[in-house]
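Here are the chains, one letter per residue:
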Amino acid sequence: MNTYRTGIDIGSTTVKLVVLDDNDNIIYGDYRRHQAHTQQTLADLLREAREALGDCALRPAITGSGSINLGRALDIPFVQEVVAVAQALEHVAPQTDVAIELGGEDAKIIYFTGGLEERMNGVCAGGTGAFIDQMAALLQTDADGLNQAAAEARNLYPIAARCGVFAKTDIQPLINEGATLADLAASIFQAVVNQTISGLACGKPIRGHVAFLGGPLHFLSELKTAFIRTLNLDDVHIIDVDNSHLFAAIGSALNA
């Protein structure tokens, strides 16, 4: 029976599962919203992995903001999330100087050059995936709808991303004045960029080779484009990795 290293990442809104073979190749990987049912979602992913891989054994490690209690209950070794992300990047893109990672309710900037340093948002979910979902609902669409619309934008409006209430206060008058969905969508993404850079970097430069990680930056191409435009990155300095939405789980698996 084959034994595979497995990484589990339980975040505020999603569960990620990655299974690696002996050559560190991903032979199973999935990302799913858990709707607060983390145990059931993980059980479903494990069942589907078993169906895909056949009879096998898993050697797991777990990471993520929602993982500590579940890891203890299942007696699975815990890997700190920044350590997991750093190890995955060291394996795939060791030239990375800075990683920007957006999750469901958290945002991080991780500096690698000159010593490992993490900047993370506090108790507010402003400028994260949850904020984007909230703004999409306000505009009667979803995150993918915002992404598609933003590609056609012509104007950017100032919108506060630190708090959903403040953002709604900015958006409602723009709706009343006839602002297009495309311009509003692009402005929401730009607000997320501004909040991440100003709120987390706090003046520390984001330069060199920059990696973009996490579900929102993986699935929302226009959001990533807004970061690249704002940071004035050329193609050489953009670290565009495969499976960027699974990176903490990949790092966790490498630690298993």
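Before any of the text, the structure's been laid out above.
None of these values were measured; they are calculated from a predicted model.

## What about the overall build of the protein chain?
Phase 1: Looking only at helices and strands, the protein chain features ten helices and nine strands.
Phase 2: Against the globule reference of 18 Å for 256 residues, the protein chain gives a C-alpha radius of gyration of 19 Å, in line with a compact fold.
Phase 3: When the backbone C-alpha atoms are referred to their principal axes, the protein chain occupies close to 65 × 40 × 30 Å.
Phase 4: Put simply, the protein chain has 256 residues, and 48% of those count as buried.
Phase 5: Counted over contacts in the protein chain with a minimum sequence separation of 6, partners at least 24 positions apart contribute 64%.

## Considering the sheet that holds strand β9 (residues 238-239)
Phase 1: Ordered in space as β7-β6-β5-β8-β9, the five strands form an open sheet in which the pairing is mixed. Either end of the sheet is taken by a strand with one partner, and the two such strands are β7 (117-120) and β9.
Phase 2: Sheet analysis places strand β5 (residues 98-102) next to strand β6 (residues 107-111), joined by five bridges and oriented antiparallel. Within β6, the position partnered with I100 by the bridge is I109.

## Thoughts on the nonpolar core
Phase 1: Within the largest apolar cluster, 43 residues are counted, with the highest numbers of intra-cluster contacts made by I100, I109, I132, I206, F212, L223 and F227.
Phase 2: Mapped by element, the contributors of at least two residues to this core are β5, β6, α4 (129-138), α5 (143-150), α6 (164-176), α7 (181-201), β8 (210-213) and α9 (221-231).
Phase 3: It is α7 that provides the largest number of residues to this core, a total of ten residues.
Phase 4: When neighbours within four sequence positions are excluded, F212 is seen to be in contact with I100, L217, K224, F227, I228, L231, L233, I238, I239 and S244.

## A word on the sheet that holds strand β3 (residues 26-33)
Across a sheet, paired strands are connected by hydrogen bonds in the backbone, their directions being either parallel or antiparallel.
Phase 1: Taken together, the four strands give an open sheet; going across it, the order is β3-β2-β1-β4, and neighbouring strands pair in mixed fashion. Looking along the sheet, the strands with just one partner apiece sit at the ends: β3 and β4 (56-63). The mean angle between the axes of side-by-side strands here comes to 15°, regardless of whether they run parallel or antiparallel.
Phase 2: The sheet contact formed by strand β1 (residues 2-10) and β4 spans eight bridges and is parallel. Counted as the bridge partner of Y4 is L58 from β4.
Phase 3: Relative to β3, helix α1 (residues 38-53) is tilted by about 150°, and along the sheet it contacts β1, β2 (14-20), β3 and β4.

## Some remarks on the environment of A88
Phase 1: Positionally, A88 belongs in helix α3 (residues 81-92).
Phase 2: On a C-alpha basis, the gap between A88 and N255 in space is 9.5 Å, while along the polypeptide they are 167 residues apart.
Phase 3: Those residues within four positions of A88 in sequence are excluded, and the remaining contacts are F247, I250, G251 and L254.

Rules used in this analysis
- Residues numbered from 1 in each chain as written.
- Predicted model: local features only at pLDDT ≥ 70, side-chain atom pairs only at ≥ 80, totals over all residues.
- Heavy atoms only, no water.
- Helix = DSSP H or I, 4+ residues; strand = E, 2+ residues; numbered from the N terminus.
- Rg over C-alpha atoms; globule rule 2.2 N^0.38 Å.
- Buried < 20%, exposed > 50% of the residue type's maximum accessible area, 1.4 Å probe, protein only.
- Contact = heavy atoms within 4.5 Å.
- Pairing = 2+ DSSP bridges.
- Core = buried A, V, L, I, M, F, W, Y, C linked by side-chain atoms within 4.5 Å.
- Axes fitted to C-alpha atoms, helices over the stretch in contact; angles between N-to-C directions.

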